[in-house]
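Listed below are the residues making up each chain.
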Amino acid sequence: MRGALTVLLTDRLILGLLVLAALVLGMPALKPLFAATFPALDRPMYEADGFLALTLDHLALAGGASLIAALLGGAAGIAVTRPFGREFRGVLDAVAAMGQTFPPVAVLAVSVPVLGFGPPPALIALTLYGLLPIVENTVAGLESVPEPVREAARGMGMGPGAMLWRVELPLAAPVILAGVRTAAVVNLGTAAIASTVGAKTLGLPIIVGLNGSNPAYVIQGAVIVAALAVVLDAGFDRLAARLTRWRPGAA
Amino acid sequence: MIRVRLIHNRVALLLAAVTVVAALALPFLGFAPNRLLSGKAIALSAAAGGGWSAAALLPVALLLAVPFLRAGRMVNALYTGAGALAAAGLVWLAGQHAALLAATASPAARTSFAAGFWVMEAAALLAVLDGVRRLGLGPAGRVAVGALAAALIGGQFAAGHLDQLSIMKEYANQRDVFAGAVLRHAALVAAALLPTLLIGVPLGIAAQRSPAVGRLVFPVLNVVQTIPSIALFGLLLAPLSALAAAFPGLGIGGVGPVPAVIALTLYSLLPIARNTAAGLAGVPEPVREAARGIGMTPRQVFWRVEAPLALPVFLSGLRITLVQAVGLAAVAALIGAGGLGAIMFQGLFANALDLVLLGAVPVILLAVAADAALKLASALALSRLGRMAA
């Protein structure tokens, strides 16, 4: 039997969460370290905003946009694979493929002249961008359901609704999740840059530090953003494993 | 019983409905006394009213008719062509009205695109996208239609028809800076591409030949890929400034183009190495054996059999790399690497929205152009393989 400590130290998700929590809550305690590393700086610790508040705002922006995108993108993906929406499938595919070549930072920037500064335009830009991989993967996942499986479901007397919820979506879930993951990873990074369009996120210490030649601020923001990204990655790994574990051949 | 079908293209119907709503309810242009004030709205009817200007909207009217025409090759060609002409016509109308306004306003006045323009322009371009798909054009045909639409709009820029629009006034102010920024942007991407290919391709080959290498390399590159660019730039700041302090003669610093190129290279390694390995892994074993069987040396097997067969997958990795690097290079402006991102962020920090567009729109165009060029190259490589097999 593994001891609790071993579990803690070998589980990437738990370890990442612990490191993240320690960084977010304990960053102010590292002030002497930053002061010693950068003796030339008058202010070696970013104190204009609390790191916990910045982290929560960051998560609200990136997570909120990913969630809305997952709901809208999933609905759109389902709609274009039904008979009534099939005609829209091609143009939606083309938009999703082409839109993903637009760099997210440029989409964020263009949203400012069109929508204005502040958190709501950033949320809209991130949501629109997040839609693309989710739509693409929802369509791909639903299309990958083998026709014999559909026929078997029809043969059991399932209607279109029951088939969608009990057969198609569960089978497509891993592919859809991969799309949500792509959106969430991109949104996490773009949310950091959203500090340049008036949304307060973990990018703020980085931007303030870069503009004011304060490398300590930059490192404080960057370390937490990077830890957040690692936790997100580990979390999606865990979710993906859970979704596929019942499949034959899956570990 | 005969049922008459009224609607033949529901995508076109949706686009037509969106166009009508945008034309009636949203402002087409904005007119401001100077670049910092917000402007008053100008409706499409006002911009198109008077004289022959309204003729520019003829293709838009054609688009509105498409949903009710019996679908066929001719109608789809009309759909595509009208979409491209409508996209160009809307831009022409905006330029025309801006010139009209400029004749009576102060030189500081700014006429800019407003929400109605953007929505109608997007609908017209989506019509082109949908039309191209319905026509069933191949990659070359798609690029040709894209190039035609780009020429119709780009030609107006080149001819000076749009000079009185605010983004072009901004361009006129920044002309020298802009050309330098485009070159710098391309140089950043190219400078990262060289080390990426030199390291990534051998890494991919090694990973395909020995799974142990892959197990070692890919998880590391995957983690790098998940770390947001702005954070990676920040994390590179500390070691690179320490290095600069230790070796002042090296010309390396925590900010500037060098850390940008290093970060871009780190991000670019994954798609290149992964697709090199995947391309080689896709070469069927019997083909390799046949090549060896006819007496090819390992070197010949690689260059004359494996490399050509792996090329399309490799090119798709190169496409992902280039598109990604164009966007990352824009973020690199935050660490003083220059390029189009510098113009974009300067606009964001100074609340100069035309400057934001002047930086961001070319970044998008560069990414789309890189994507189209590499897609075409992939298609050509594939068709060459097809001819070789035939």
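My aim in this report is to walk through the structure given alongside it, one point at a time.

Rules behind the numbers
The written sequence of each chain sets the order in which its residues are numbered from 1. Chains and ligands are labelled sequentially in the order written, the chains with letters from A and the ligands with numbers from 1. Reporting in this predicted model follows two pLDDT cut-offs: at least 70 for local features of residues, and 80 or more for side-chain atom pairs to be given and counted; totals over whole chains, interfaces and linings ignore these cut-offs and use all residues. Side-chain descriptors were evaluated using all non-hydrogen atoms of the structure, hydrogens and water having been removed beforehand. Secondary structure elements are taken from DSSP: a helix is a run of H or I of four residues or more, a strand is a run of E of two residues or more, and numbering for both begins at the N terminus. Buried means the residue's accessible area, taken with a 1.4 Å probe over protein chains only, is under 20% of the maximum for its type, while exposed means over 50%, and partly exposed covers the values in between. Any two residues having at least one pair of non-hydrogen atoms within 4.5 Å are treated as being in contact. Note on areas: these come from Shrake-Rupley sampling with a 1.4 Å probe, and a residue is covered only by the protein chains present in the view. Charge assignment: positive for Lys and Arg, negative for Asp and Glu; neither His nor the chain ends contribute. For this purpose, a charge sits on NZ of Lys, CZ of Arg, CG of Asp or CD of Glu. Helix axes use the C-alpha atoms of the stretch in contact, all axes being lines fitted to C-alpha atoms, and the angles between their N-to-C directions lie in the range 0 to 180 degrees. Orientation categories follow fixed angle ranges, with anything under 35 degrees roughly parallel, anything over 145 roughly antiparallel, 65 to 115 roughly perpendicular, and all other angles oblique. In this scheme, a crossing is called left-handed if the near helix is turned counterclockwise away from the far one by less than a right angle; it is called right-handed if the turn is clockwise. Strands are treated as partners if at least two bridges between them are detected by DSSP. In these notes, a set of buried Ala, Val, Leu, Ile, Met, Phe, Trp, Tyr and Cys residues joined through side-chain atoms within 4.5 Å is what counts as a nonpolar core. Defined in terms of a 1.4 Å probe, buried area is the accessible area two parts forfeit on being brought together, summed over both. The rule for a salt bridge is simple: a side-chain nitrogen of Lys or Arg has to be within 4 Å of a carboxyl oxygen of Asp or Glu. For this analysis, a polar contact is any N or O atom pair within 3.5 Å, provided that within protein one partner can donate a hydrogen and the other can accept it, and provided that sequence-adjacent residues contribute only side-chain to side-chain pairs.

**A short note on the overall build of chain B**
For chain B, the helix and strand inventory stands at 14 helices and 3 strands. In terms of overall dimensions, chain B has a C-alpha envelope of 75 × 70 × 35 Å along the principal axes. Burial statistics for chain B: of 390 residues in total, 47% are counted as buried. Residue pairs at least 24 apart in sequence account for 76% of intrachain contacts in chain B once pairs closer than 6 positions are excluded. Of the roughly 18300 Å² of accessible surface on chain B, 71% is carried by carbon and sulfur atoms. In chain B, 25 positive and 10 negative side-chain charges are present, and the distance between their average locations comes to 8 Å.

**Points about helix α10 (residues 203–211) of chain A**
Of all 9 residues in α10(A), 7 are buried, a share of seventy percent or more. Among all positions of α10(A), only A:Gly203, A:Leu204, A:Pro205, A:Ile206, A:Ile207, A:Gly209 and A:Leu210 are buried. Residues of α10(A) that are buried in the fold lie against α4 (51–80), α9 (160–193) and α11 (215–244) of chain A together with α9 (229–246) and α13 (340–350) of chain B.

**So, the packing of helix α1 (residues 10–25) of chain B against helix α5 (residues 115–135) of chain B**
Two quantities define a packed helix pair, namely the angle between the axes and the distance from one axis to the other. Residue and element names in this part refer to chain B. Axis separation between α1 and α5 bottoms out at 9 Å; the angle between their running directions is 165 degrees. Considered as vectors, α1 and α5 are oriented roughly antiparallel to each other. Considering only the axes of α1 and α5, their crossing is left-handed. Of the residues in α5, those touching α1 at Val11, Leu15, Val18, Thr19, Ala22 and Ala23 are Gly116, Val119, Met120, Ala123, Leu126, Ala127, Asp130 and Arg134.

**Some words on the pairing of strand β1 (residues 29–32) of chain B**
All names here are of chain B. With burial as the criterion, each face of β1 is covered, one bearing Leu29 and Phe31 and the other bearing Gly30 and Ala32. Bridge count for β1 against strand β3 (residues 110–113) is 4 bridges, and the pairing is antiparallel. Along β3, the bridge assignment pairs Gly30 with Ser112.

**Topic: the nonpolar core**
With 143 residues, the main nonpolar core has A:Leu108, A:Ile224, B:Phe28, B:Tyr79, B:Ile230 and B:Phe345 as its most contacted residues. Within the second largest apolar cluster, 14 residues are counted, among which are A:Leu169, A:Ala172, A:Ile176 and A:Ala183.

**Here's the deal with the interface of chain A and chain B**
Taken together, the 39 residues of chain A in the interface contact 41 residues of chain B. For the pair chain A and chain B, the summed buried surface comes to about 3600 Å²; carbon and sulfur atoms form 82% of the total. Three residues stand out in chain A for area buried against chain B, namely A:Glu87, A:Thr101 and A:Leu210, and they jointly supply 16% of the buried area on that side. Taken together, the connections running from chain A to chain B amount to 2 salt bridges. Its salt-bridge partner being A:Glu87, residue B:Arg10 comes within 3.2 Å of it at the nearest N-O pair. Where chain A meets chain B, there are 3 residue pairs in polar contact (both at pLDDT 80 or more).

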